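Listed below, chain by chain, are the residues.
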4 protein chains.
Amino acid sequence: MPDSTTTLAGLRSDVAAFVAARDWAQFHNAKDVALSICIEAAELLEEFQWHDAAQVAAASRDPEARERARLELADILVYCLCLSNALEIDVSQAFRTSW
Amino acid sequence: MPDSTTTLAGLRSDVAAFVAARDWAQFHNAKDVALSICIEAAELLEEFQWHDAAQVAAASRDPEARERARLELADILVYCLCLSNALEIDVSQAFRTSW
Amino acid sequence: MPDSTTTLAGLRSDVAAFVAARDWAQFHNAKDVALSICIEAAELLEEFQWHDAAQVAAASRDPEARERARLELADILVYCLCLSNALEIDVSQAFRTSW
Amino acid sequence: MPDSTTTLAGLRSDVAAFVAARDWAQFHNAKDVALSICIEAAELLEEFQWHDAAQVAAASRDPEARERARLELADILVYCLCLSNALEIDVSQAFRTSW
């Protein structure tokens with residue numbers, strides 16, 4: 001299901017099921033999940049390390065670089081949704097409060 | 001609208017409208033958006049700095065600490081959705097590929 | 001004392017004395033010190049957020065921007081030396097092994 | 001040479017020579033060096049991901065885990081000294097101003 005029909009609650013539920021299936025109690029520890037978001041964010045950033053503006057633009061069009069960025073972004077999002085589950089945060093409402 | 005009725009596409013569209021209204025061309029620069037995700041992730045992490053397991057659990061129940069975490073999480077997510085817009089990444093599908 | 005006459009051991013000793021004077025047992029917890037390095041590194045990075053190459057060059061010459069970067073860099077280094085003390089790592093030798 | 005006889009200026013000079021030998025102009029770009037400090041800090045943090053207090057203590061005694069932490073710490077320090085060279089920051093004096 002694409003973004004057009006996937007709700008935030010649906011995606012959060014998928015993340016929760018994924019965690020439950022593996023009995024990953026660690027995924028309920030907010031500090032380690034926050035730490036994991038940070039680690040994954042740095043892995044995404046590594047895709048752009050030493051790149052000047054022209055190289056960033058080129059990477060944005062390169063299929064392999066895009067795929068790597070796509071997977072790193074997914075990793076960050078999964079941990080964000082883990083944390084929203086662990087702390088029972090409605091992220092759609094949080095977005096509207098914050099911005 | 002809460003997570004139960006907000007689609008990823010809807011939230012991405014809100015982020016795009018927010019950026020367009022401010023003419024923030026910088027928000028289309030993938031490297032700086034990735035860098036911003038990292039900075040915001042570290043700000044979230046700061047909420048848990050020096051906390052042992054008992055303090056993490058206590059913070060998870062404390063309204064003020066929860067509110068700070070909620071806003072930091074929202075900031076990370078907004079930048080994640082900016083990047084998905086800039087690189088045209090369907091995050092729901094990315095999640096299902098990656099996990 | 002400037003870099004020309006300060007040894008790594010001397011600076012590590014100053015950091016150790018500073019920690020001891022405050023009875024900061026937390027500064028011996030390697031995980032939280034590593035986490036703190038990450039947080040401080042993101043604060044340094046924030047000095048360059050959204051800056052293009054010309055702005056980075058300008059900031060490198062601006063006294064106030066330089067002073068902020070100097071203090072953030074000091075914060076990172078202090079935590080690095082805390083960790084080298086906690087784990088008894090000789091950083092000069094580590095540098096020569098690694099590079 | 002160990003920390004007891006290595007000065008900060010000496011280590012900075014070694015880093016400068018290393019960079020000069022490779023003609024790494026990128027190492028003079030403060031933004032990318034700051035970004036690299038952040039990436040390396042996250043790699044160090046990864047050594048402690050999901051570890052509880054007992055596991056952190058055990059890792060602090062484990063030779064292989066110690067060696068990985070040692071090399072990650074060296075990577076962070078090299079980039080810190082690159083930045084001190086690029087911005088002409090005396091880190092010993094910065095430490096004494098900041099703490």
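Here's a quick rundown of the structure. In this convention, every chain numbers its residues from 1, walking through the sequence in written order. To read the labels, note that chains go from A and ligands from 1, taken in the order they are written. With pLDDT at 70 or above as the cut-off, local features in this predicted model cover only qualifying residues; side-chain atom pairs require 80 or more to be listed or tallied, and sums for whole chains, interfaces and linings still use all residues. The basis for every side-chain value is the complete set of non-hydrogen atoms in the structure, without hydrogens or water.

1. Examining the relation of the copies chain D and chain C
This is how the line gets drawn: Least squares is the method used to superpose the copies, on C-alpha atoms of residues holding a pLDDT of at least 70 in both. In this analysis, two residues are considered to be in contact whenever any of their non-hydrogen atoms come within 4.5 Å of each other.
Here chain D sits on chain C after a turn of 180° about the axis and a move of 0.0 Å along it, with an RMSD of 0.0 Å. Both copies of the chain, as the preceding transformation shows, are related through a two-fold rotation axis. The rotation axis passes nearest to the C-alpha of T7(D) in chain D, at a distance of 1.9 Å. Take the interface residues of chain D: 100% of them recur as interface residues in chain C, which is what a same-surface contact looks like.

2. Observations regarding helix α2 (residues 30–46) of chain A
Residue and element names in this part refer to chain A. The cut-off we apply is this: Secondary structure elements follow DSSP: runs of H or I no shorter than four residues count as helices, runs of E no shorter than two count as strands, and numbering proceeds from the N terminus. Here, expected helix span is obtained from the residue count minus one, scaled by 1.5 Å. Working definition: with a 1.4 Å probe on protein chains only, accessible area under 20% of the residue-type maximum means buried, over 50% means exposed, and in between means partly exposed. Counted as a polar contact is a pair of N or O atoms within 3.5 Å, where, for protein atoms, one must be capable of donating a hydrogen and the other of accepting one, and residues adjacent in sequence contribute only when both atoms are in side chains.
With 17 residues, α2 extends 24 Å between its outermost C-alpha atoms, agreeing within 8% with the 24 Å of an ideal straight helix rising 1.5 Å per residue. Burial within α2 is extensive, with 15 of its 17 residues counted as buried. Capping the start of α2, N29 holds a side-chain oxygen 3.0 Å from the backbone nitrogen of K31, two or three residues further along.

3. Observations regarding the side chain of S36(A)
Looking at where S36(A) falls in the secondary structure, it is placed in helix α2. The buried category is assigned to S36(A), whose relative accessible area is 0%. Polar side-chain contacts of S36(A) include one of 2.9 Å to the side chain of Q49(D). The residues touching S36(A), leaving out its near neighbours within four places in the chain, are Y79(A), Q49(D) and W50(D).

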